[in-house]
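# Chain and residue survey
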Amino acid sequence: MEADEKLILALPKGRILKEVMPLVRAIGVEPEAAFDDDGSRKLRFSTNVPEIDIIRVRSFDVATFVAFGVAHMGVAGSDVLMEFDYAEVYAPLDLGIGLCRMSVAEPAALSAKDDPATWSHVRVATKYPSITGRHFANRGVQAECIRLSGAIELAPALGLCERIVDLVSSGDTLRANNLSEVETIAEISSRLAINRTAWKTRPTEIGTWLHRFREVLDGDTA
Ligand code: PRP
């Protein structure tokens, strides 16, 4: 098979990959050995399925690779899909992994006496300026977003802002930084993302893989 005929599946690096791989293996896709070799600098991997290659990229970039059609399918968090809101990305399947929520948080001492209903303007550090802007605009609150790429929970203690919008899973990171959740914006999970043009031009192949993901999630196969 020619390299340019392959279907490319984009997977997110980091924590979520540990939850994603059992699903990928359950649909019958096993990457080449270099995929599990921490010393390898490869970014694109062949698999036991001749028609499928895997790329491993940052979670925000999965949506971008799929939106531009250079990856045909991918696993992306609903946080990332909501943030970019790419028209070219179709996300038909909730994979039931990467479960967490997106919340507004502020210092615990402030939240004890604060009433979010009275806010008219907030300064917020976040990785998600679009979602944050939309959320506060819907509440009639003007949000000034400061974009960070990580370690958002540091921002209030250092005086960058009082509020943050970030993902919360166990809540440990908030607690360790003396922050309290004050509003939940959305429940988050990972979804199968498909490029719409690829879905139209290669419906049989992509449909087969979508069906396999569905079967595994429905417990029809192990
Ligand atoms: C995520 C998120 C929070 C943390 C929440 O960060 O941005 O910081 O996990 O998890 P918890 O509620 O279980 O503590 P991640 O570790 O992915 O790294 P990041 O700071 O680079 O976003």
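Residues numbered from 1 in each chain as written. Predicted model: local features only at pLDDT ≥ 70, side-chain atom pairs only at ≥ 80, totals over all residues. Heavy atoms only, no water.

### Describing the site of the ligand
- Near the ligand lie 13 residues; those nearest to it are Arg 15, Lys 127, Glu 153, Ser 170 and Thr 173.
- For the ligand, an oxygen atom lies 3.1 Å from a polar atom in the backbone of Ala 151.
- Note that an oxygen atom of the ligand is positioned 2.8 Å from one of the backbone N or O atoms of Ser 169.
- Across the complex, the protein chains shield 71% of the 500 Å² of accessible surface that the ligand would expose by itself.
- Sorting the residues of the shell around the ligand by element identifies strand E9 (163-168) and helix H7 (172-176) as the ones contributing at least two each.
- Looking at the shell around the ligand residue by residue, the class counts come to three nonpolar, five polar and five charged. (Near = heavy atom within 4 Å. Polar contact = N/O pair within 3.5 Å; in protein donor to acceptor, adjacent residues only side chain to side chain. Areas by Shrake-Rupley, 256 points an atom, 1.4 Å probe, with all protein chains shown as cover. Helix = DSSP H or I, 4+ residues; strand = E, 2+ residues; numbered from the N terminus. Nonpolar A, V, L, I, M, F, W, Y, C, P; charged D, E, K, R; others polar.)

### Description of the packing of aromatic side chains
- Under the criterion given, the structure shown has seven aromatic pairs.
- Between Phe 68 and Tyr 86 the ring centres are 6.4 Å apart and the planes differ by 75°, which places this aromatic pair in the edge-to-face class. Taken together, the positions of Phe 68 in the loop between helix H2 (59-67) and strand E4 (73-77) and Tyr 86 in the loop between helix H3 (78-84) and strand E5 (89-94) put the pair 18 residues apart, joining distant regions of the chain.
- On the numbers, 6.2 Å between centres and 40° between planes, the contact of Trp 119 with Phe 136 is tilted. Here Trp 119, found in the loop between helix H4 (108-111) and strand E7 (121-126), pairs with Phe 136, found in helix H5 (residues 129-138); they are 17 residues apart in sequence, far enough to count as distant.
- Assessed through its relative accessible area of 0%, Phe 136 is described here as buried.
- By the ring-pair criterion, three or more aromatic residues cluster together here, those being Phe 60, Phe 68, Phe 84, Tyr 86 and Tyr 128.
- Just above the ring of Phe 35 sits the side chain of Arg 56; from NZ or CZ to the centre is 4.6 Å. (Phe/Tyr/Trp six-rings, centres within 6.5 Å; stacked < 30°, edge-to-face > 60°. Buried < 20%, exposed > 50% of the residue type's maximum accessible area, 1.4 Å probe, protein only. Lys NZ or Arg CZ within 6 Å of the ring centre and 35° of its normal.)

### Focus on H5
- Taken together, the buried positions of H5 are Ile 131, Thr 132, His 135 and Phe 136. Along the axis of H5, the buried positions cluster into a sector of 120°, meaning they face one direction only. Across H5 from its buried face, at more than 90 degrees, point the exposed residues Ala 137 and Asn 138.
- Elements that come into contact with the buried residues of H5 comprise H3, strand E6 (100-107), E7, strand E8 (142-147), E9 and strand E10 (179-188).
- Two residues or fewer past H5, Gly 140 is found with a positive phi of approximately 75°. (Arc of directions from axis to C-beta. Contact = heavy atoms within 4.5 Å.)

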